[in-house]
Amino acid sequence: MLDLYHHPLRLHADPSRVVVRPFHIGWQSTNGAPSRTERLVQAVLDMSPGEARAQLAVVLKDFEARHWQTRRVFMTRYDEIEAQLGLDGGMIGDEKRQLIGAYFCHEYSYAAAALMNPSAVPHYDQTGMPKGSLRILMSLRAVGEGHISSVAFREGIITEQNELKLAPEPPFATSADAREEEAHAPEGPVKVYRHRDSTLSGTLLFPITRAQSNGLEDMRLTHFRHDDGSDEWLGTYTAYNGSQIQSEMLRTRDWREFDLVPMTGSAARNKGMGLFPRKVNGKYMMIGRQDGENIFLIESDRLTHWDEGVKLITPKFPWELVQMGNCGPPIELDEGWLMLTHGVGAMRKYSIGAALLDKDDPSKVIGRTREPILAAASEDREGYVPNVVYSCGAIRHGTSLFIPYGVADSSVAFAFVSIKSLLAVM
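One structure accompanies this document, and this report is about it. (Residues numbered from 1 in each chain as written. Predicted model: local features only at pLDDT ≥ 70, side-chain atom pairs only at ≥ 80, totals over all residues. Heavy atoms only, no water.)

1. A short note on the environment of Gly93
Of note, Gly93 is situated in the loop between α3 (70-85) and α4 (94-103). The exposure class of Gly93 is partly exposed, given its relative accessible area of 41%. When the C-alpha atoms of Gly93 and Pro49 are compared, they prove to be 8.7 Å apart, with 44 residues separating the residues in sequence. (Helix = DSSP H or I, 4+ residues; strand = E, 2+ residues; numbered from the N terminus. Buried < 20%, exposed > 50% of the residue type's maximum accessible area, 1.4 Å probe, protein only.)

What follows is the structure in structure tokens.
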């Protein structure tokens, strides 16, 4: 019998979580007339010093307490407009520069629509942890205005007694941004930087390149151990531009700088790639879904290039007959590679199951669950997309598996399952 514990904590969409984002005015000049951007800047420059000071005071009264270093954000945005228009900033006072910056910013509620599809890895900092406790780091897909997805992070602690405590979110959220010289790169790779004063629980990754313009979706984090013993945290995710998808990879060693790298090869045209946490038999290995229906095993000599793989698991049981995919990177056990799977059945009902792969030859399937370990229960059905449960990655801790999972593409729930009982039902 499966030993499964549903933790009572649930994370929901929260429209009060906002960040300042650049506001782009798209109309350009025509027939030599000033553009909207130029006309707006000139309107501020034409204000008297007293009027500009009064207008800036109104903006700061409304927004300064809601954001981190609001005046600095406005000045940074002004610098971008100055470079775009070739302004002479030395002739413009600070108050007008801040006001110009404010006109080209807006608040963005990054999780107003949904918070879903989490992935978890051991935190990079385990100092001070008592025996039996593990500090964790989660990525979450946050969906805001325009149904654009970004990546949010939450830190927390789990224990061997199936306890979970999340670090509080800071009052201010900040986005990890590229340096000015990299910010307008039309394609990746691109490097972004966490604000020096921001915690990870208050940091967001927003789309930057054209390939990402409509969202960064469903990150699957992996704590990867290289052959030389060094550690790197890698996250595969889907970049979406509104019509096409592309698999990309986040790479970081310090959680301060993040490289967002497009992956190449025929397999990278698909969603849901989950990376093994180390090389196997001298090869990088990935779990993917190349045909939208089956699970494939893919090998590569390079971390960011993935061609066709071999079919590993096909739908077999009623709850997975429509399609299958992974629910995160495989997890190494003494018994083999434990892989969480998702299956779609009648009425597009999603369920989560598991499979065990041979440790030395992951192309061999040792066992799989005949019944789901998690399914859309009556109390978990309603949401933006009903009847969905979905995870992008679990953690092994002691004798249990900690599974964060999305519910109805709307919220995030948490479960602990005994690994021994899970293997017993395969």
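There's more to say after this.
2. A few points about the sheet that holds strand β12 (residues 231-240)
What the five strands build is an open sheet, ordered β9-β14-β13-β12-β11; its pairing is antiparallel. A single partner strand is all that each edge strand has here, and the edge strands are β9 (190-193) and β11 (216-225). The average angle at which neighbouring strand axes cross in this sheet is 25°, direction not considered. By the bridge criterion, four bridges tie β9 to strand β14 (residues 257-262) in an arrangement that is antiparallel. Along β14, the bridge assignment pairs Val190 with Leu260. (Pairing = 2+ DSSP bridges. Axes fitted to C-alpha atoms, helices over the stretch in contact; angles between N-to-C directions.)

3. Focus: empty space enclosed by the protein
Inspection of every chain in the model, using the stated rule, returns one cavity of 30 Å³ or more. A volume near 40 Å³ is recorded for the largest cavity. Ile313, Trp319, Glu320, Met324, Thr341, Ala354, Ala355, Arg368 and Thr369 together form the lining of the largest cavity. Tallied by class, residues from the lining of the largest cavity come to five nonpolar, two polar and two charged. (1 Å grid on protein atoms, 1.4 Å probe; cavity = no way out; pocket = protein on both sides within 12 Å on 5 of 7 lines; lining within 4 Å. Points joined across faces, edges and corners; volume = space filled by probe spheres on them. Nonpolar A, V, L, I, M, F, W, Y, C, P; charged D, E, K, R; others polar.)

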